[in-house]
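Summary of structural features
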Amino acid sequence: MKFFATLAAVFGCALMLLGAPKFMTLESGKYKIIFREMPHRWSIVQFFCDGVELGTPTGFYSNVMSPASGKYIGAGHTEGGLEQFLEGSVSVDGGEAVPVAEGVYKGEKVVFKKTSTLANIKLSCTYTLTPEGLRADKQFTALKDQPVHQFYMWQFCWNKKTTDYLFIRKSGNVVKGKFINDNKMRVYGEPEAYFFSQYLPEGKYATVNFFPEFGKFTGKNLLWDVGKAYHKYYFWVDLPKVVKAGYTSPVYSMIAKAFPAEDLADWENKAKAEAAALLKQYPFAPTKVETAEGLTVESSDKFNCVKSSLPVEMGSSYNIEFEICKTEGISSKVSDHYVLVGYYDKARKFHILAQLADKIKGDGEYHTVKGGFKTPAEKNVIYLYMYNSRSKGTVTVRNLKLEKF
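One numbering rule holds for all chains: residues counted from 1, following each sequence as written. This being a predicted model, a pLDDT of at least 70 is required before a residue's local features are given, and a value of 80 or more before pairs of side-chain atoms are given or counted; all residues contribute to the totals for chains, interfaces and linings. The basis for every side-chain value is the complete set of non-hydrogen atoms in the structure, without hydrogens or water.

This next bit is on the state of the cysteines. Only a pair of cysteine sulfur atoms within 2.5 Å qualifies as a disulfide here. With the rule as written, the count across this model stands at 0 disulfides. Distance from the sulfur of cysteine 125, which forms no disulfide, to the nearest cysteine sulfur (cysteine 157) is 16 Å. The buried label applies to any residue whose accessible area, calculated with a 1.4 Å probe on protein chains only, is under 20% of its type's maximum; exposed applies above 50%, and partly exposed to all values in between. Residue classification places cysteine 125 among the buried positions, given a relative accessible area of 2%. This cysteine, cysteine 305, is not joined by any disulfide, and cysteine 325 carries the nearest cysteine sulfur, 18 Å off.

Shown next, in the form of C-alpha cells:
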C-alpha cells in the first residue's frame, strides 16, 4: 500500500507540474471548434455542427511537415522535432485581439491567428469561424534551406462512423466510395479534386473540405480509413525537395463546413449543390496557360513536356483556342514542339484527342491556334501537353480558351 501511495503522490505532483490540459473554443452560429494547447500546440481537436461531433479527438489535425520519411513535426507529432509555438491571438467581431488563452470565444466572426515554426519553416495560420463555417488560411517562409519530404497543410479527423465519401474534380467528375475500416487509404494522391464530403448517418450530417480558388497551388488529397479512430482527410502541398531560404509560399486556403442530410441520396444531391454554390462564390483560379503571361516551357537537350489539366466534362465536344510563341532554336522535329490534348487510360495507354501548333515556326512571334476535340465517355483527367524537347529555344502558351458545343 505504501508503494502505491508513493506512486500516486509522485503522479499527482507530475500532473501539477505539467498543468491541466488547456482548451480554447470558438463558436459561431451552429459551429463549435475546439483547440488544445498541449501537446497539440493550439491545434484543432474537435469539430461540431449543430451539436453533432463530426471531427473527433482521435488524432492530430493542423499542419505537419516531415524533412525525411517518418520524421514528422507539427501538432502533437515529435518524431522529427517539436513545433515551436511563437504567438497567438483571438478576436471577436472585429474587437481587440487578445493573447490566445483557455476559454470560449463566441460571435458572428471569430478569428484565431497563430504563428509557429516547424524546423526552419515559419508558418502563419489564420482560422476564421462564421455561421457559414471555418476558413483556414496558411502561409510560410523558409528561414533557412529546409529539406521537405512531405508537408501536410491540412488534416481533419472526421468521425469514424461516416460511411460514404465523394469528391469532385475540376473536370466535373464525381467519384464516390465507401469506408470499410481496413486501415487502408481509400484515396491516395488525388490531385484534381477541389471538393470532398463524408456522410455521417448517425448524426444525419455531412462534412465538407473545399478549396477556394482551386488551382492557386497544387498538391495531393488523401483519405485514410482507420475504423478504430477516424476517417481522416489529408492534403499535402507540392514542394521542391529543398525549400530555399527566403522562399515565401502562396496563401493556402481551405473551407471546412457541414450540412444536414436525411439519407445517402439527400447527401449526394446536397453535396453537389454545396459544391456548386461554393464554386460560384470562389471560382477556380486561372491556370498559367489561361493568363496573358502564359506558361513557358524552357529549353532542354532532352525530352521535355509540361502538362496542364483541362476543366472538361466527359463525353463532350469542345473548341480550343490559344496563342503560342516558339523562339529561334527549337528542334526541327515537329513532335518535339507541338501541343497535344490527351490522356492516359487505366491501362496507361496514351490517347491523343487533338494535335495542335505543329506548323508554327520558331520566329519569336505569337500565333493563334484553333482546334477541336471530343472527350471520352469514361472518367479520365484530360491534359494539355506542351512539348519543347531537344531545343535551345522556348515555347510559350497563353490565353487558352475552351468552349463546349
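Before going further, it helps to spend a moment on helix 2 (residues 264-281). The secondary structure listing takes helices from DSSP runs of H or I that are at least 4 residues long and strands from runs of E that are at least 2 residues long, numbered from the N terminus. Between the first and last residue of a helix there are one fewer steps than residues, each counted as 1.5 Å, and that sum is the expected span. The first and last C-alpha atoms of helix 2 sit 26 Å apart over 18 residues, in line with the 26 Å expected at 1.5 Å per residue. All of the buried residues in helix 2 are Trp267, Glu268, Ala271, Glu274, Ala275 and Leu278. The buried residues of helix 2 all sit within an arc of 130° when viewed along its axis, so they share a single face. Opposite its buried face, helix 2 presents the exposed residues Asn269 and Lys280, each directed more than 90 degrees away. It is the directions from the helix axis to the C-beta atoms whose arc is reported.

To find leftover empty space, one rolls a probe the size of a water molecule over the atoms. Think of a 1 Å grid over just the protein atoms. A cavity is a set of points where a 1.4 Å probe fits yet cannot get out, a pocket is an open set with protein on both sides within 12 Å along at least five of seven lines, and lining residues have an atom within 4 Å of a point. Grid points are joined across faces, edges and corners, and a volume is the space filled by probe spheres set on the points. For the coordinates displayed, the defined rule picks out 1 cavity of 30 Å³ or more. If you trace the largest cavity, you find it lined by Ile44, Tyr61, Ser62, Tyr127, Leu134, Ala136, Lys138, Trp154, Gln155 and Phe156. Mapped by element, the contributors of at least two residues to the lining of the largest cavity are strand 11 (133-142) and strand 13 (150-158). In terms of residue class, the lining of the largest cavity is made up of 7 nonpolar, 2 polar and 1 charged. Charged means Asp, Glu, Lys or Arg here, nonpolar means Ala, Val, Leu, Ile, Met, Phe, Trp, Tyr, Cys or Pro, and polar covers whatever is left, Gly included.

The next point concerns the pattern of salt bridges. The salt bridge definition used is simple: a Lys or Arg side-chain nitrogen within 4 Å of an Asp or Glu carboxyl oxygen. Applying the stated rule across the entire model yields 18 salt bridges. Put simply, arginine 169 and glutamate 190 hold a salt bridge, and the shortest N to O gap is 3.0 Å. One end of the pair, arginine 169, is in strand 14 (residues 164-169); the other, glutamate 190, is in strand 16 (residues 184-190), with 21 residues separating them in the sequence. Residue classification places glutamate 190 among the buried residues on the basis of a relative accessible area of 7%. A salt bridge links aspartate 238 to lysine 220; the nearest nitrogen and oxygen atoms lie 3.0 Å apart. Linking aspartate 238 in the loop between strand 20 (230-237) and strand 21 (242-243) with lysine 220 in strand 19 (residues 219-226), this pair joins segments that are 18 residues apart in sequence.

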